Amino acid sequence: MTSEHSASTLASSGPIILIGAGNMGGALLTGWLKNGVPGSSVIVVDPNPSEPMRQMIADAGASHATGVPSGVTAGVLFVAVKPQVMDAVLPSFKAVMDENTVVVSIAAGKTIASLEKHLGGAAMVRAMPNTPAMVGRGVTGAFANARVDERQRQLVQNLLKVSGPVEWVPGEADIDSVTAVSGSGPAYVFYLVECMAEAGRKLGLQADLAMRLARETVAGAGELLHQSPDGASRLRQNVTSPGGTTAAALGVLMAEDGMQPLFDAALEAARKRAQELAG
């Protein structure tokens, strides 16, 4: 996304109003600025941003407001507050919308219908990024309602992809499955590191050494997966010599009662909880 393209797109659609400058909102703002979105096109609304965030907003020439800004109409209203405060925060932001505004929400469990309850019928995108967005290596699932036109969809695509790939899903219910796979997914990977390290400790390694080995192995395998044209199955096979140590371990992990049924149950539990939160 070049600066010229971003500027021209935003100039025709009004400023981005970013509600919430916490971890995810801050990560997206950082990506926008690095990818050529002019700071003058962004208004950050947060009653108490961190000091580094205040400095970044100031350095970029963006605007900061502690409440609903007056005298502006958003091209994009980007909602990055915690789900539990949305009902209190959102209604007053209807004042910065018109028929050309597209609303993007990254709040887990908040449906398009719940957004419309506060903001009225509008072009809306419900998105589910994940925490690696904070280092520019996230992935986002997104659903657009029927009011989103092609120009708005491309604009939202540009804004979301600064933290990694964007995968559009055909139905809003799919966002619950995206949440289960990638939204919550980083926690599964971090827990894998914990399990590997603990197993290494039980084999007699010092706990800190086992953790370093597990951490770097998972980080390195992830980078290899990122860079390689081969799929995960092929990369696994490349490591596995017939009758070797890896094959012995995979015989346990890939058994009928191994990892797959655990992941099936875990992701189903996550999807069910996402559905419950969405009401």
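Criteria and cut-off values
Residues numbered from 1 in each chain as written. Predicted model: local features only at pLDDT ≥ 70, side-chain atom pairs only at ≥ 80, totals over all residues. Heavy atoms only, no water. Axes fitted to C-alpha atoms, helices over the stretch in contact; angles between N-to-C directions. Helix = DSSP H or I, 4+ residues; strand = E, 2+ residues; numbered from the N terminus. Parallel < 35°, antiparallel > 145°, perpendicular 65-115°, else oblique. Left-handed = near helix turned anticlockwise from the far one by under 90°. Contact = heavy atoms within 4.5 Å. Nonpolar A, V, L, I, M, F, W, Y, C, P; charged D, E, K, R; others polar. Domains from an automatic or database assignment. Buried area = accessible area lost by both parts, 1.4 Å probe. Buried < 20%, exposed > 50% of the residue type's maximum accessible area, 1.4 Å probe, protein only. 1 Å grid on protein atoms, 1.4 Å probe; cavity = no way out; pocket = protein on both sides within 12 Å on 5 of 7 lines; lining within 4 Å. Points joined across faces, edges and corners; volume = space filled by probe spheres on them. Phe/Tyr/Trp six-rings, centres within 6.5 Å; stacked < 30°, edge-to-face > 60°. Lys NZ or Arg CZ within 6 Å of the ring centre and 35° of its normal. UniProt positions renumbered as here; feature names shortened; annotations may be inferred. Salt bridge = Lys/Arg side-chain N within 4 Å of Asp/Glu carboxyl O.

Q: Tell me about the packing of helix α2 (residues 23-34) against helix α3 (residues 51-60), and name the residues and values.
A: Relative orientation of the contacting elements α2 and α3 amounts to 25°, with a least axis distance of 12 Å. By the angle between their axes, α2 is roughly parallel relative to α3. Crossing of α2 against α3: the hand is left-handed. Two secondary-structure elements touch here, α2 through G26, L29, T30 and L33 and α3 through M53, M56, I57 and A60. Partitioning the contact of α2 with α3 into residue classes produces 6 nonpolar, 2 polar and no charged.

Q: Quick one: what's the story with the domain arrangement of the chain, residue by residue and with numbers?
A: One can read the domain layout of the chain as domain 1 (1-177) and domain 2 (184-277). Its C-alpha centre places domain 1 at a distance of 33 Å from the equivalent point of domain 2. The interface is formed by 7 residues belonging to domain 1 together with 8 residues belonging to domain 2. Summed over both partners, the interface of domain 1 with domain 2 buries about 610 Å², with 50% contributed by carbon and sulfur atoms.

Q: Break down the environment of L90 for me, citing the residues and quoting the values.
A: The topology assignment puts L90 in the loop between α4 (83-89) and β5 (102-105). Each C-alpha atom of the pair L90 and D59 lies 28 Å from the other, and the pair is 31 residues apart in sequence. For L90, the contacting residues outside a window of four places in its chain are I19, V79, L115, H118 and L119.

Q: Any details on the environment of T111? Residues and values, ideally.
A: Tracing the chain through its elements places T111 in the loop between β5 and α5 (112-119). On the accessibility criterion, T111 (16% relative accessible area) is buried. For the pair T111 and V125, spaced 14 residues apart in the sequence, the C-alpha separation amounts to 9.7 Å. Ignoring any residue separated from it by four or fewer positions in sequence, one finds T111 in contact with R126, E172 and A278.

Q: Explain the layout of surface pockets to me, using residue names and the numbers behind them.
A: Taken as a whole, the second largest pocket spans an internal volume of roughly 750 Å³. In terms of lining, the second largest pocket is formed by 31 residues, of which the most central are M24, A80, V81, K82 and P83. Residue assignment for the lining of the second largest pocket shows that the elements contributing at least two residues are α2, α4 and α7 (174-183). Taken together, the residues that form the lining of the second largest pocket break down as 17 nonpolar, 12 polar and 2 charged.

Q: Which residues make up the packing of aromatic side chains, and what values do they have?
A: One pass over the full model with this rule turns up 2 aromatic pairs. Relative to F263, the ring of Y188 lies with its centre 6.2 Å away and its plane at 80°, an arrangement referred to as edge-to-face. Of this pair, Y188 sits in helix α8 (residues 185-202) while F263 sits in helix α12 (residues 259-278), and the two are 75 residues apart along the sequence. Positioned above the aromatic ring of W168 is the side chain of R153, whose terminal nitrogen or guanidinium carbon lies 4.2 Å from the ring centre.

Q: Tell me about the UniProt feature "binding site: NADP(+)" (unreviewed entry) in the chain, and please be specific about residues and values.
A: The positions that UniProt labels "binding site: NADP(+)" (unreviewed entry) are, in the present scheme, I19, G20, A21, G22, N23, M24, A80, V81, K82 and P83. Considering the C-alpha atoms alone, the annotated residues occupy 65 residues of sequence yet fold into one spot, their largest mutual distance being 14.1 Å. Looking only at the residues we just named, the second largest pocket is lined by I19, G20, A21, G22, N23, M24, A80, V81, K82 and P83. Mapping G22 onto the fold places it in the loop between β1 (16-19) and α2. Non-local contacts of G22, meaning those with residues more than four positions away in its chain, are made with A27 and D46. Among the secondary structure elements, A80 is positioned in the loop between β4 (76-79) and α4.

Q: So what's going on with the UniProt feature "domain: Pyrroline-5-carboxylate reductase dimerisation" (unreviewed entry) in the chain? Which residues, and what values?
A: Mapped onto this numbering, the UniProt entry gives "domain: Pyrroline-5-carboxylate reductase dimerisation" (unreviewed entry) at residues 172-277. Taken end to end, residues 172-277 has its terminal C-alpha atoms 14 Å apart, with 80% of it in helix and 0% in strand.

Q: I'd like a rundown of the pattern of salt bridges, residues and numbers included.
A: Following the criterion strictly, the structure yields 9 salt bridges and no others. The salt bridge involving R126 is made with E172; its shortest N-O contact spans 3.0 Å. Of this pair, R126 sits in strand β6 (residues 123-128) while E172 sits in the loop between β8 (166-168) and α7; the two residues are 46 residues apart in sequence, bridging distant segments of the chain. Judged by relative accessible area, R126 falls into the buried class, the value being 3%. Assessed through its relative accessible area of 22%, E172 is described here as partly exposed. Ionic pairing is found between R271 and E268, a salt bridge with its closest N-O pair at 2.9 Å.

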